[in-house]
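Structure assessment
Given next are the chains, with one letter for each unit.
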Amino acid sequence: MSDFLSEWYSWIKALHIIAVMAWMAGMLYLPRLYVYHAGAAVGSELSETLKVMERRLLRAIINPAMTMALILGVFLLFTPGLVDFDEIWIWIKLFCAIIGLGGMHAWLSRWRRAFAEDRNKHSAGFYRKINEIPTVFMIVIVIMVIVRPF
Ligand code: HEM
């Protein structure tokens, strides 16, 4: 297995970054849809259209992209000689990616269900603030994995 990971390292990393980009695109777009949805009247044409967009974005893009980013990331973690687990950057990256973005993903799924069942309780302003959180995690993650400050 380790020979396979070393041999295909560049392909695995390239696919990891592609999956991460799709995951982030969805994580930044979905809360934006919630901003508009929070302002739409229940049962209106706009609300019903946004329900379809949110479901497709989550199920067809965000969920598969997160799964691929995670699987390929774990492959990279176990590629011989790549990551020194005594260094701190990898733990900050894993915390932000799995707890931070993974947690955000779970909440976004929960709010999508609330919109789908016409029982959203949050304002457009709330979702505007939520929209910033994935950006902050993304910035920290990319600095950690590229700069490796500690
Ligand atoms: C989900 C859990 C994740 C794991 C386990 C993981 C793990 C890894 C590992 C081990 C590497 C290889 C580092 C190397 O080449 O030396 C890597 C590369 C990279 N990861 Fe992740 N990653 C994850 C999520 C993410 C996320 C969410 C982002 C961005 C928002 C990200 C961005 C990157 C980038 C840009 C690289 C390339 C770094 C380079 O070229 O040196 N990763 N990842």
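Preceding block: the structure.
Residues numbered from 1 in each chain as written. Predicted model: local features only at pLDDT ≥ 70, side-chain atom pairs only at ≥ 80, totals over all residues. Heavy atoms only, no water.

Protein ligation of the iron atom of the ligand involves His16 (NE2) and Lys93 (NZ), the donor distances falling in the range 1.8 to 2.1 Å. One can describe the site at the iron atom of the ligand as octahedral: its six donor atoms subtend angles covering 82 to 177° at the metal. Remark: Lys93 occurs in helix H4 (residues 89-116) and His16 occurs in helix H2 (residues 9-38); sequence separation between them is 77 residues. Across this residue pair, the class does not change: His16 and Lys93 are buried. (Donors = N, O, S within 2.8 Å, 3.2 Å for Na, K, Ca; no water. Tetrahedral: all angles 85-135°; square planar, octahedral: opposite > 155°, others 65-115°. Helix = DSSP H or I, 4+ residues; strand = E, 2+ residues; numbered from the N terminus. Buried < 20%, exposed > 50% of the residue type's maximum accessible area, 1.4 Å probe, protein only.)

Another aspect to go through is the packing of aromatic side chains. A full pass over the atoms with the stated rule returns nine aromatic pairs. Centre to centre, the rings of Trp111 and Phe126 are 5.4 Å apart; their planes meet at 90°, and the pair counts as edge-to-face. One end of the pair, Trp111, is in helix H4; the other, Phe126, is in helix H5 (residues 124-130), with 15 residues separating them in the sequence. Judged by relative accessible area, Trp111 falls into the buried class, the value being 9%. (Phe/Tyr/Trp six-rings, centres within 6.5 Å; stacked < 30°, edge-to-face > 60°.)

This paragraph deals with the nonpolar core. With 24 residues, the main nonpolar core has Trp23, Met27, Leu30, Tyr34, Ile62, Leu108 and Trp111 as its most contacted residues. Apart from the residues lying within four places of it in its own chain, the contact partners of Tyr34 are Glu54, Leu108, Trp111, Arg112, Phe115 and Tyr127. The next biggest cluster of nonpolar side chains, apart from the first, holds five residues, and it includes Val83, Trp89, Ile90 and Met144. (Core = buried A, V, L, I, M, F, W, Y, C linked by side-chain atoms within 4.5 Å. Contact = heavy atoms within 4.5 Å.)

Here the focus is the site of the ligand. If you check the shell around the ligand, you find 22 residues, and the closest are Tyr9, Lys13, His16, Lys93 and Arg148. Here a nitrogen atom of the ligand sits 2.5 Å away from a polar atom, N or O, in the side chain of Lys93. Listed by contribution, the elements that provide at least two residues to the shell around the ligand are H2, helix H3 (45-77), H4 and helix H6 (132-147). Examining the composition of the shell around the ligand, we find that six residues originate from one element, H2, more than from any other. (Near = heavy atom within 4 Å. Polar contact = N/O pair within 3.5 Å; in protein donor to acceptor, adjacent residues only side chain to side chain.)

Applying the stated rule across the entire model yields three salt bridges. A salt bridge links Glu48 to Lys51; its shortest N-O distance comes to 3.0 Å. Within this pair, Glu48 and its partner Lys51 are both found in helix H3, separated by three residues, close to a single helical turn. Asp118 is the salt-bridge partner of Lys51, the closest N and O atoms lying 3.0 Å from each other. Here Lys51, found in helix H3, pairs with Asp118, found in the loop between H4 and H5; they are 67 residues apart in sequence, far enough to count as distant. Given a relative accessible area of 36%, Asp118 falls into the partly exposed group. By sharing partners, the salt bridges in this structure join Glu48, Lys51 and Asp118 into a single network. (Salt bridge = Lys/Arg side-chain N within 4 Å of Asp/Glu carboxyl O.)

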